[in-house]
Amino acid sequence: MHRLFECIEEYDTITLFRHTGADADALGAQFGLKQWINDTYPQKKVYALGTSVGSAAAHYPSIDEASDEIIQRSLAIILDTANASRIDDQRCLNAAFRIKVDHHILVDRYADIEYIEDRKGATCEILANMFQEKGETLSKQCAEYLYSGLIADTLQFSINATTPQMLRTAAYLVEQGVDV
C-alpha cells in the first residue's frame, strides 16, 4: 500500500494544495482526493486550499478556508506542483507532514514523501492508478473529478504520454460512473 494511504489514515486533519493558476488537473486532483477522503473517512477534516483560481475553477467547488493552526497540525498533500515557489498557498510548508504527488519532472524537493511519475500525463492519472491498485470503488463524483483532470491535461488522450495503461486508467474511472 502506498504510504500516502497510510498517512491519510494517520492524520485527522488533511490539507490539500495545488499550483497557482489552477488548471483542471490541479483542481481535479485536489477535489478528487478530497472527495475520496470524505467518502472513505467522513470523520476527518479535509480542506482544499488555494488563493488563485484559473479558468477551470468554475467547474469545481469553492476553495475552503483553514487557519494557520489547522495547517500546522495537518497532513499537507501538494498536488500537481513541481516546485515550491508555484504552490498556491505557501502555508503548506508549515504542515506537520508533507506529501507531494506530481507528474512533472523533478524540479525541487519540498515534501517529506514525494510521488513523482513524470511519464504520466496528469496528476489525476497518478491518483487514479493508486486507487485502482488499491482496489478502491470510487464515488461517481470522485471519479468525475479525476477524469476531468486526466482528459484536460492529456488533451483528450492526444499527447505523446498517452499509453495503454492511461487508457485502462480512464476505463477504470468510467467504470466508477463517469458520464463521458
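See above for the structure.
Residues numbered from 1 in each chain as written. Predicted model: local features only at pLDDT ≥ 70, side-chain atom pairs only at ≥ 80, totals over all residues. Heavy atoms only, no water.

### Concerning helix α5 (residues 140-153)
Heads up, the rule is: What counts as a helix is a DSSP run of H or I of at least four residues, what counts as a strand is a run of E of at least two, and both are numbered from the N terminus. One less than the residue count of a helix, multiplied by 1.5 Å, gives the span that helix is expected to have. Burial status follows relative accessibility: with a 1.4 Å probe on protein chains alone, a residue under 20% of its type maximum counts as buried, one over 50% as exposed, and anything between as partly exposed. Contacts are assigned to residue pairs with any non-hydrogen atoms lying within 4.5 Å of each other.
With 14 residues, α5 ought to run about 20 Å at 1.5 Å a step, and its terminal C-alpha atoms sit 20 Å apart, in line with that. Here α5 has its buried residues at C142, A143, Y145, L146, Y147, S148, G149 and L150. The inward-facing, buried residues of α5 contact α2 (24-40), α4 (123-134) and α6 (164-175). Immediately downstream of α5, the backbone of L155 shows phi near 50°, a positive value.

### Considerations on the packing of α2 against α5
For clarity, the cut-off: Interaxial angle, 0 to 180 degrees, is taken between N-to-C directions of lines fitted to C-alpha atoms, where a helix line uses only the stretch in contact. Note on angle classes: values under 35 degrees are labelled roughly parallel, values over 145 roughly antiparallel, values of 65 to 115 roughly perpendicular, and the remainder oblique. Crossing handedness is defined as follows: a turn of the near helix away from the far one that is anticlockwise and smaller than a right angle gives a left-handed crossing, while the clockwise case is right-handed.
Where α2 contacts α5, the axes come no closer than 8 Å and their chain directions differ by 165°. Here α2 lies roughly antiparallel to α5, going by the angle between them. The chirality of how α2 crosses α5 is left-handed. Between α2 and α5, the contacting residues are A24, D25, G28, A29, F31, G32, Q35, W36 and D39 on the first element and Q141, C142, Y145, L146, S148, G149, A152 and D153 on the second.

### As for the nonpolar core
Put simply, the rule is: The term nonpolar core refers to a set of buried residues drawn from Ala, Val, Leu, Ile, Met, Phe, Trp, Tyr and Cys, joined through side-chain atoms within 4.5 Å.
Of all hydrophobic cores here, the largest spans 39 residues; its most connected members are I8, L33, W36, I77, I99, L127 and L173. A per-element tally of this core places α4 first, with six residues. Each residue touching I99, except ones within four places of it in the same chain, is listed here: L4, C7, L75, A76, I77, I78, A111, I113 and Y115. Membership of the second largest hydrophobic core comes to 14 residues, among which are Y47, A66, A95 and Y110.

### Looking at the side chain of H19
This is how the line gets drawn: Distance and chemistry together define a polar contact, namely a pair of N or O atoms within 3.5 Å, with one atom able to donate a hydrogen and the other to accept it when in protein, and with adjacent residues in sequence counting only for side-chain atoms on both sides.
Along the chain, H19 turns up in the loop between β1 (13-18) and α2. In terms of polar contacts, H19 uses its side chain to reach the side chain of D80, at 3.1 Å. In this structure the side chain of H19 is engaged in a polar contact, spanning 3.4 Å, whose partner is the side chain of R86. If we ignore the near neighbours within four places in the chain, the residues touching H19 are A26, L79, D80, T81, R86 and D88.

### Comments concerning the side chain of Q30
Along the chain, the position of Q30 falls in helix α2. A distance of 2.8 Å separates a polar side-chain atom of Q30 from the backbone oxygen of L16. Residues contacting Q30, with those up to four places away along its chain left out, are L16, F17, R18, A48, L49, I63 and L79.

### Things to note about the packing of aromatic side chains
Geometry of an aromatic ring pair is reported as the spacing of the ring centres plus the angle between the planes. Just so we agree on the cut-off: For Phe, Tyr and Trp, where Trp contributes only its six-membered ring, two rings pair if their centres lie within 6.5 Å, and the inter-plane angle classes them as stacked under 30 degrees, edge-to-face over 60, or tilted in between. We call a charge positioned above a ring when the Lys NZ or Arg CZ atom is no farther than 6 Å from the ring centre and deviates by at most 35 degrees from the ring normal.
Using the criterion set out here, one finds seven aromatic pairs in the structure. Consider the rings of W36 and F131, whose centres lie 5.0 Å apart with planes at 40°: the pair is tilted. With W36 in helix α2 and F131 in helix α4, this residue pair connects regions lying 95 residues apart in the sequence. Take W36 and F131: they sit in the same class, and that class is buried. In textbook terms, an aromatic cluster arises when at least three aromatic residues are bridged by ring pairs, as seen for F5, W36, Y41 and F131. Sitting above the plane of the Y41 ring, K44 keeps its charged end 5.2 Å from the centroid. Above the plane of the ring of F5 lies K134, whose end atom (NZ or CZ) is 5.1 Å from the centre.

### Structural notes on the pattern of salt bridges
Selection criterion: Think of a salt bridge as a Lys or Arg side-chain nitrogen and an Asp or Glu carboxyl oxygen that are within 4 Å of each other.
Inspection of every chain in the model, using the stated rule, returns 11 salt bridges. Here R3 ties to E10 by a salt bridge, and the two come within 2.8 Å at their closest N and O atoms. Its salt-bridge partner being K34, residue D64 comes within 2.6 Å of it at the nearest N-O pair. Pair noted here: D64 is in the loop between β2 (45-48) and α3 (68-72) and K34 is in helix α2, with a separation of 30 residues, a long-range link. Its relative accessible area of 21% is what places D64 among the partly exposed residues. When salt bridges that share partners are traced, they join R3, E6 and E10 into one network.

So far we have only geometry, and geometry alone does not tell us how the molecule works.
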